[in-house]
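# Notes for the structure review
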Amino acid sequence: MLISLPALSKRVEYTLVVDREPRSITGKTVQAITINSQLPGPTLEFVEGDYAVMHVENHMEKPITIHWHGLLVPNHMDGVPYVTNVPIMPGSAFTYEFPIKQSGTYWYHSHFGLQEQYGLTGPIIIHPKERPPNAPVDQIIMLADWNDERPEETLRKLKRDNEGFAIRTGNSQTLVGAIRAGTIGNVTKRNLYSLINAEVSDIAYDRVITNGRKDWVVDQPAGRQVRLRVINGSTSTYFYLNYAGGPMTVIAADGQDIEPIELERMLIAVAETYDILVTVPEGKSLEFRATNYDGSNHTSSWIGRGEKVFAPAIERPNIYTYAANVGTEMIQRIQKKHKSSGGMPKSDMGHITNIEGSILTGGDAQQRPPAPYQQLRSVTSTALPKHAPTRSVKLMLTGDMKRYVWSMNGKTLSEDAYIKIKKGENVRFVMVNSTMMRHPMHLHGHFFRVVNGQGDYSPLKHTVDVAPMSTTMIEFKANEEKDWFFHCHILYHLESGMARIVHYEGTEVSPEIQAIRYKALEDPWYAWADIGLQTNMNTGFMITRNNRNDVFLTWESNWDNEYQATLGYYRFVNRFFSGFVGVNTDTDLDPHRTRAVAGFYCLLPFKINALLWADDRGNGRITISRELAIIDRFGLGFEYEYDSFSKSEYVVELTYWHSDFLSFAASYHNEYHGGVGVLLRF
């Protein structure tokens, strides 16, 4: 609930010491980030009207910032590096202080790089000023996802289109799987448009946890009513929540009171919070379960002491049906766009919020329901000023899953940073998700209305899930100043470009921030390599890449010193076209083996990759290739090359995926003949 600040405020202070410490979440000890030696960090409790003071000490070797997620704070206390704040450097400290203007369930987390995945998070409880004596007891349920792997390595694997995550979650899609699922016809149609397969998650996690543990116990006397303050503090995992004690009574969303609703199960997006009432049973321990959206894992909180009663299992997504339905929707949109004069089909503007069934959740709507936004109704009016000017901003949520680049209106933060608004306006964001992934969109410094058919009582939120192939509209009163971050709260989507800075025209951040703003707009490079060693030949591919640029080296050779190699540069335009220049050397080109080449890459129907070039001698080359997943872990690839100087060659290769770093391979090359060996990934 939001309130006006009283004249006198109680000063509430915390000291938060941020450091690296060893932790064992899965049984393997790795370096995590702790706050006061806790993971997650300590719960910060306030009463509305308090004055909060947090002394943050950085004992790490890297800079940090802390963002107070969902709290209405002064701009220079929001904790976004290079947007609102200078980072807290190693060995230094900074004091965040601001009045508490609201009550509810919130959380805090690092906004610097990938530190949130390391554990730099913690819960916040703000009690209302007038708290009834018989109020339910509070219990934090802070959900998180955890990998022992360094998140920087996870992001690098995503950039290289790593298939291991889907294999480990049991959601890889193969030719034989599609035949068995009866969707092979749809696969063929999607291939005609060269669409990628829709996925329900990006990453396979080692563990999902509650309050830093696999299981949590809520130890309260029987008959006691408990307010579960559920925080999805994960970096990229949506959860289905359900309870062995029957329907859950949901009374607040993102810290704001709503009219109570009864739900058997509900979907909570990344960075959202919900308050849920339960009553401690007599002689039983009832499971409150949070299940990964991809069905690969779950974490439990046990309400009460006694015989364990398990919550019903959540149905795993039918990944083939999901991919078929989402792919069909995407094809229909492509066809409508081609028939129209351009832009978004008019019918899409009618979808003012997430209205979705099994087509977008991977299963039956009762088993796997969408986010519960249609049922959320504020207890007080949230209507915006009626006579204020209105600004509408259409945001296409876009991305390229193969390159793992996420954007808005086809551009990343580094390419198009600002959304400009004016103070006093009613601002409306119409978000059209044209991707196959969910995006939890979070606006700093504001609460917005989710336009959901509840009229003046539309719920206020700070984070909203925008489902695949759906349109969501939010609106808010522009009552702030300076710059505020707006982004997808899947950490790896944010780091890959899906963000904007909402700028209030006529106001500016401090010169100190302006001087370092460029660091928020950087476009980092990522590098990897594949090396194939077989009895008949060896191959290699090395690349460094950012959002739109590739510099690469590729080669193949037999063991008799016959070889060809290309050093080149791609300029990415879209997933269907890239420009290319480079230098090629080939033993077949004697006596002058090296030549300059230029051309282009294009993605043809049926996901066929084609590279066409001409060299400085007037020769030309075309290379086409395709990879196909046959069954789990087994893939088949082919490449055909025709060069007007050295004529044609081809290779067919069968691979078995063993791990992220190793595959076994058998191949046949028309010049180098057959062979077996390994493919090493670095």
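Scoring rules and cut-offs
- All residue numbers here refer to positions counted from 1 along the written sequence of the relevant chain.
- In view of the model being predicted, local features appear only for residues whose pLDDT reaches at least 70, and side-chain atom pairs are presented and counted only at 80 or more, with totals across whole chains, interfaces and linings using the full set of residues.
- Heavy atoms throughout the structure, all of them, feed into the side-chain values; hydrogens and water do not.
- Numbering goes from the N terminus for both helices and strands, where a helix is a DSSP run of H or I of at least four residues and a strand is a run of E of at least two.
- The reference for a compact globule is 2.2 Å times residues^0.38; the radius of gyration itself is calculated from the C-alpha atoms.
- Using a 1.4 Å probe on the protein chains alone, a residue whose accessible area is under 20% of its type maximum counts as buried, one over 50% counts as exposed, and one in between counts as partly exposed.
- Residues count as neighbours in contact if any of their non-hydrogen atoms are within 4.5 Å of one another.
- Every accessible area reported is derived by Shrake-Rupley at a probe size of 1.4 Å, with residue values counting cover from the shown protein chains alone.
- Positive residues here are Lys and Arg, negative ones are Asp and Glu, while His and the chain termini are left out of the count.
- Lys charges are placed at NZ, Arg charges at CZ, Asp charges at CG and Glu charges at CD.
- Under the convention used throughout, the expected extent of a helix is 1.5 Å for every residue step, that is, one less than its residue count.
- Patch membership requires over 30% relative accessible area and the absence of a salt bridge. Like charges are linked within 9 Å, and nonpolar side chains (Val, Leu, Ile, Met, Phe, Trp, Tyr) within 5 Å.
- Note on definitions: salt bridges are taken to be side-chain nitrogens of Lys or Arg within 4 Å of carboxyl oxygens of Asp or Glu.
- Any Phe, Tyr or Trp ring, taking Trp's six-membered ring, that has another such ring centre within 6.5 Å forms a pair; planes under 30 degrees apart are called stacked, those over 60 apart edge-to-face, and the others tilted.
- Cation placement over rings: the criterion is NZ of Lys or CZ of Arg within 6 Å of the ring centroid and within 35° of the ring normal.
- Nonpolar cores are built from buried Ala, Val, Leu, Ile, Met, Phe, Trp, Tyr and Cys residues. Side-chain atoms within 4.5 Å join them into one set.
- For every residue, the predictor assigns a confidence score, pLDDT, that lies between 0 and 100.

Looking now at the overall build of the protein. For the protein, the helix and strand inventory stands at eight helices and 43 strands. For 682 residues, the compact-globule estimate of 2.2 N^0.38 gives 26 Å, and the protein sits close to it at 27 Å. For the protein, with 682 residues in total, the buried portion stands at 57%. Considering only residue pairs separated by 6 or more positions, the protein has 66% of its internal contacts joining residues 24 or more positions apart. On the protein, roughly 27300 Å² of surface is accessible, and the fraction owed to carbon and sulfur atoms is 55%. Computing the positive centroid from 68 side-chain charges and the negative centroid from 76, the protein places the two 4 Å apart.

Before going further, it helps to spend a moment on unusual backbone geometry. Cis geometry is found at the peptide bond from L39 to P40, where omega equals -5°. Summarising the element assignment, P40 is placed in the loop between β2 (29-35) and β3 (44-47). You will see that N36, though not glycine, has its phi angle at about 55°, which is positive. Inspection of the secondary structure assignment puts N36 in the loop between β2 and β3. Although it is not a glycine, D254 adopts a positive phi angle of roughly 50°. Mapped onto the secondary structure, D254 falls in the loop between β14 (248-253) and β15 (256-263).

Between the first and last C-alpha of helix α6 (residues 319-339) there are 30 Å, a value that for 21 residues agrees with the 30 Å anticipated at 1.5 Å per step. Turning to α6, the residues buried within the fold contact α4 (175-181), α5 (184-192) and β24 (426-433).

A surface patch of nonpolar side chains, about 960 Å² in accessible area, is lined by I622, L628, I631, F634, L636, F638, Y640, Y642, Y650, V652, L654 and Y668. If you list the elements that add at least two residues to the nonpolar patch, you get β39 (620-631), β40 (634-643) and β41 (647-659). Considering each element in turn, the nonpolar patch owes the most residues, five residues, to β40. Secondary-structure assignment places Y642 in strand β40. In this structure Y642 comes out as partly exposed when scored by relative accessible area, which is 35%.

Moving on, we come to the packing of aromatic side chains. Summed over all chains, the structure comprises 22 aromatic pairs. Relative to F98, the ring of W68 lies with its centre 5.9 Å away and its plane at 55°, an arrangement referred to as tilted. Separated by 30 residues along the polypeptide, W68 in strand β5 (residues 66-69) and F98 in strand β6 (residues 93-99) bring together distant segments of the chain. F98 shares its class with W68; the two are buried. With a centroid separation of 5.7 Å and an interplanar angle of 15°, the aromatic rings of F580 and W613 are classed as stacked. Taken together, the residues span a long stretch of sequence, with F580 in strand β36 (residues 577-586) and W613 in strand β38 (residues 608-615) at a distance of 33 residues. Here the two residues F580 and W613 agree in accessibility, since each one is buried. Cluster of aromatic residues (ring-pair linked, three or more members): F541, F552, Y570, F580, Y601 and W613. The ring of Y118 carries R20 above its face, with NZ or CZ at 4.6 Å from the centroid. We note R368 situated over the ring of Y293; from NZ or CZ to the ring centre the distance is 4.9 Å.

What follows covers the pattern of salt bridges. By the definition in use, this model includes 36 salt bridges. Between R227 and D275 there is a salt bridge; the shortest N-O distance is 2.8 Å. With R227 in strand β12 (residues 225-232) and D275 in strand β17 (residues 273-279), the pair connects residues that are 48 residues apart, well separated along the chain. Considered together, R227 and D275 belong to a single accessibility category, that of buried residues. Salt bridges here are not isolated pairs; linked through shared partners, they connect D586, R595, D615, R621, E641 and D643.

The next subject is the side chain of K607. Along the chain, the position of K607 falls in the loop between β37 (594-604) and β38. For the buried K607, no salt bridge is present, and the opposite-charge side chain at shortest range is E199, 9.2 Å distant. Excluding its chain neighbours within four sequence positions, the residues that come into contact with K607 are N191, S194, L195, I196, N197, S625 and R626.

On the surface, D560, E562, D588 and E671 cluster together into a patch of negative charge. Looking at where E671 falls in the secondary structure, it is placed in the loop between β42 (662-669) and β43 (673-681). The class of E671 is partly exposed, set by a relative accessible area of 34%.

Turning our attention to the nonpolar core. Core analysis: the biggest nonpolar cluster contains 121 residues, and L241, I276, F288, F429, M431, M441 and F486 have the highest contact counts within it. Per-element tally for this core: the top contributor is α6, with seven residues. Sequence-distant contacts of I276, defined by excluding residues within four places in its chain, comprise V226, R227, L228, V230, L241, M248, T249, V250, M266 and F288. Counting 30 residues, the second largest nonpolar core, distinct from the first, contains W68, L71, V73 and F447.

Moving on, we get to the confidence of the model for the protein. Looking at the protein, pLDDT values average 93 and 96% of them are 70 or higher. For residues 341-358, every residue scores under 50 in pLDDT, and the model assigns this stretch 40 contacts once sequence neighbours within four places are set aside.

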